[in-house]
Amino acid sequence: MMKTLQNILDQRNLSALFQPIMDLSRGTILGYEGLIRGPADSLLHSPINLFAVAKQQGLALETEMLSRQIVLESFAALDLPGKLFLNVSPEALTHPSFKNGQTLAYLEKIGLDPARVIIEITENQPTFDFQGMRNALLHYREMGFQIAIDDLGEGFSSLRLWSELRPEFVKVDMHFVQGVNTDPLKQQFLRSIQQIAESAGTQVIAEGIETSSELQVVCNLDIACGQGYFIARPSPTPPLTATPMVSAQINLAAHSYSASANMNVSHNITTEKLLRYIEPAHPETGMDKIQARFSSDASLRAIPVVRNGVPAGLIERQHYMASMAAGELVHRESGTWCNNEPLLVDKSTAIQELSLFLTESDSAHLIANFIITDQGRYIGLGDAQSLLREITRLQIESARYADPLTSLPGNVPVNTHIEELLHQGKSFAVCHADLDDLSAFNETYGYAKGDEAIQLTGRLLGLACDPRLDFIGHIGGDDFVMVMQSNDWEKRCQQVLASFTKTSAALTETGHRAIGGHLNASSQGDTAHHMQPTLSIGIIWVTPEMFPSRHEIAAAAVIAKERAKNKPGNSLFIKRQRLHSHKATRTQHELMEVKYG
């Protein structure tokens, strides 16, 4: 074995694989983790075996140095975009041969900017020299490198490493990611890590994402980045963009306000609900048996082909009958003429996600039947008709909670969203917007024109929201609520008022614009001058400590809105409140009144 390992090192007989790391807020690839493999025909192909033998035989440093060079060379040769996550052990990190600039010199040689390289600390044994590691990493930061800690929650001292080293990235061990969609404790762990990361200025990478449901939860928890088999497997030629299924899932999470609007009617509805079990055929099943099954059951639309529990194909009735009529099936086994690349859908896939994937994919996936799996094993079939029926039912249910005029979420989803943020311990701004003098406007221009004013307001408010962070609802009449977590929420509200000032004039006649309003006659015959409709926004800043429930939030937001309406013109009123550090009393911190137009 010694000779074999030494030969591998002498001949540089190692190869690099790269696994994408997704930026979940943008749906783009942030970079790639570089992985190493030994010769394919060797017991040392596995990196676990490779480095175990290297350590046993005193060649750990040489093996790691060569691995690093191979990864850097391959990354540069492939001209991959984004950053490279380069695995480095604590032992190598503090070794003089690493610190003296060999890696930096090698980067210069292959033309790779150190700013694109992230040193990923892989901890496989206890680390005691924290000060030495900290000094070393400060040295590498000065040269332009960034730092990541691998397997947070799994290593011997990873939390202390985070505290001591202050890395730009932390990777959460896959144990806390896999199954997170069904494990509240894992969700709480990720939520806590994310809160710490926000305070530390660190980006979290969730490792081991293997299902769409896991990705959905990770996105909902605002985790910055993700990595795992569902996104892409390690490959010598990795993808440069996300797959359609991953893009659909990230897009679905990015528009979480829509999901929140429907959460009380569609939460946890997955592809498993569409499942119906059909006895599968074996790849060697003969044509006569397939024909007998279709002949004896007129309702049978497809037969799955399965080998050892794993889907191998799908026989569609329509295609089968057409092929038989053309004389193409004589004396052939099923495995040679069925669809060998059927659509496989995990049972945990949300039906909205599946629907989005099918509608955004090319026509090859617009098929009648698909195979439903559980961890890659066949459990049944689904069909497009059942999917359409279920989506239609959900849309009808969702419409019960949406305003018919603007199609924006109504009171129920707004309340649900606020309660969820309180449960998560989040702070956010609640902006209550209201049109002024709309009744008089309706009397002059008619209710259809008034509806147009309401729809315009909804569009302007919606454009001001960041779909990844903010939520907009229409709670009735001419009242809207924005629940905003974007950092620049105040600027966004100011932009709404400025936009309303410019665009609302188009709702009125030229003559009325010239006099700054319109005249209405009362029932007593008196004539009153009314201003054109204006927009008032009252805002409160919410923390869970100050507002224990949505009821107190709603009451405070209404008061803020009324204060805004007391100001003439398009107005913004902000009431910021701060909780004393050692008291439960609420004190007014700041009041702000702004007038536009």
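So, how was this worked out
- Residues numbered from 1 in each chain as written.
- Predicted model: local features only at pLDDT ≥ 70, side-chain atom pairs only at ≥ 80, totals over all residues.
- Heavy atoms only, no water.
- Helix = DSSP H or I, 4+ residues; strand = E, 2+ residues; numbered from the N terminus.
- Buried < 20%, exposed > 50% of the residue type's maximum accessible area, 1.4 Å probe, protein only.
- Contact = heavy atoms within 4.5 Å.
- Areas by Shrake-Rupley, 256 points an atom, 1.4 Å probe, with all protein chains shown as cover.
- Pairing = 2+ DSSP bridges.
- Core = buried A, V, L, I, M, F, W, Y, C linked by side-chain atoms within 4.5 Å.
- Axes fitted to C-alpha atoms, helices over the stretch in contact; angles between N-to-C directions.
- Parallel < 35°, antiparallel > 145°, perpendicular 65-115°, else oblique.
- Nonpolar A, V, L, I, M, F, W, Y, C, P; charged D, E, K, R; others polar.
- pLDDT = per-residue confidence, 0-100.

Colleague: Before we go on, may I ask you to explain the overall build of the protein chain in this structure?
Modeller: The secondary structure content of the protein chain amounts to 22 helices and 21 strands. Relative to its full complement of 597 residues, the protein chain shows a buried share of 48%. In the protein chain, once contacts between residues fewer than 6 apart in sequence are set aside, the share between residues at least 24 apart is 67%. Here the protein chain has roughly 28,400 Å² of accessible surface; of this, 52% comes from carbon and sulfur atoms.

Colleague: I keep staring at the sheet that holds strand S2 (residues 28-37) and nothing clicks. Help me out?
Modeller: Hydrogen bonding along the main chain pairs the strands of a sheet, whether they run parallel or antiparallel. Ordered by their spatial adjacency, 8 strands build a closed barrel running S1-S2-S3-S4-S5-S6-S7-S8, and the pairing between neighbours is mixed. Sheet topology places strand S1 (residues 15-23) next to strand S8 (residues 225-226); 2 bridges connect them, and they run antiparallel. Note on S8: the bridge partner recorded for Asp23 is Cys225.

Colleague: Teacher, can you tell me more about the nonpolar core here?
Modeller: Side chains of nonpolar character tend, in soluble globular proteins, to be buried together. Grouped together as the largest cluster of nonpolar side chains are 81 residues, with contacts concentrated most on Leu5, Phe18, Leu93, Ile119, Ile209 and Leu215. In this structure, Leu5 is in contact with Leu44, Leu50, Val53, Ala54, Gln57, Leu59 and Thr63, ignoring residues within four places of it in sequence. Core analysis: the second largest hydrophobic core is formed by 30 residues, Ala429, Leu435, Ile454 and Leu461 among them.

Colleague: Help me understand unusual backbone geometry, please; the structure alone is not making it clear to me.
Modeller: Excluding glycine, residues mostly carry a negative phi; peptide bonds, for their part, are mostly trans. For Gln375, which is not glycine, the phi torsion reads 55° and is therefore positive. Residue position: Gln375 is located in the loop between strand S12 (369-374) and strand S13 (377-383). One non-glycine residue, Asp437, lies in positive phi territory at about 60°. Along the chain, the position of Asp437 falls in the loop between strand S14 (428-436) and helix H18 (438-445). The class for Asp437 is partly exposed, based on a relative accessible area of 39%.

Colleague: Looking at this model, I keep getting lost on the pairing of S2. Mind explaining?
Modeller: The two faces of a sheet get side chains in turn, since along a regular strand they alternate between them. Of all 10 residues in S2, 9 are buried, a share of seventy percent or more. By the bridge criterion, 9 bridges tie S1 to S2 in an arrangement that is antiparallel. Looking at the pairing, Ser15 lines up with Arg37 of S2. Joining the antiparallel neighbours S1 and S2 is a turn of 4 residues, in which Gly27 adopts a positive phi near 75°. Of the pairings in the sheet, the one linking S2 to strand S3 (residues 83-88) comprises 3 bridges and is parallel in character. For Gly31, the partnering residue across the bridge sits in S3 and is Lys83.

Colleague: What's the story with the packing of H18 against helix H19 (residues 447-464) in this structure? I'm lost.
Modeller: Helices that pack against each other are described as a pair by the angle of their axes relative to one another and the distance between those axes. Close contact between H18 and H19 brings their axes to 7 Å; oriented N to C, the two are set at 135°. It follows that H18 is oblique to H19 by the angle criterion. Between H18 and H19, the residues in contact are Leu438, Phe441, Asn442 and Tyr445 and Tyr447, Lys449, Gly450, Ala453 and Ile454, respectively. Grouping the amino acids of the contact of H18 with H19 by side-chain chemistry returns 6 nonpolar, 2 polar and 1 charged.

Colleague: Would you mind showing me how to read the confidence of the model for the protein chain here?
Modeller: Low-pLDDT stretches of the model should not have their predicted coordinates read in fine detail. Looking at the protein chain as a whole, the pLDDT averages 81, with 82% of positions reaching at least 70. The low-confidence segment residues 255-267, where pLDDT is below 50, has 24 contacts with residues more than four positions distant or belonging to other chains. Across residues 330-336, confidence stays below pLDDT 50; counting only partners more than four residues off in sequence or on other chains, it has 15 contacts.

Colleague: I keep staring at the sheet that holds strand S11 (residues 344-346) and nothing clicks. Help me out?
Modeller: Taken together, 3 strands build an open sheet; the order of strands is S11-S12-S13 and the sheet is mixed. The open sheet terminates on both sides in strands that have one partner only, identified here as S11 and S13. Taken pair by pair, the neighbouring strands of this sheet meet at an average axis angle of 40°, ignoring direction. Direction of pairing for S11 relative to S12: parallel, over a ladder of 3 bridges. Looking at the pairing, Asp346 lines up with Thr373 of S12.

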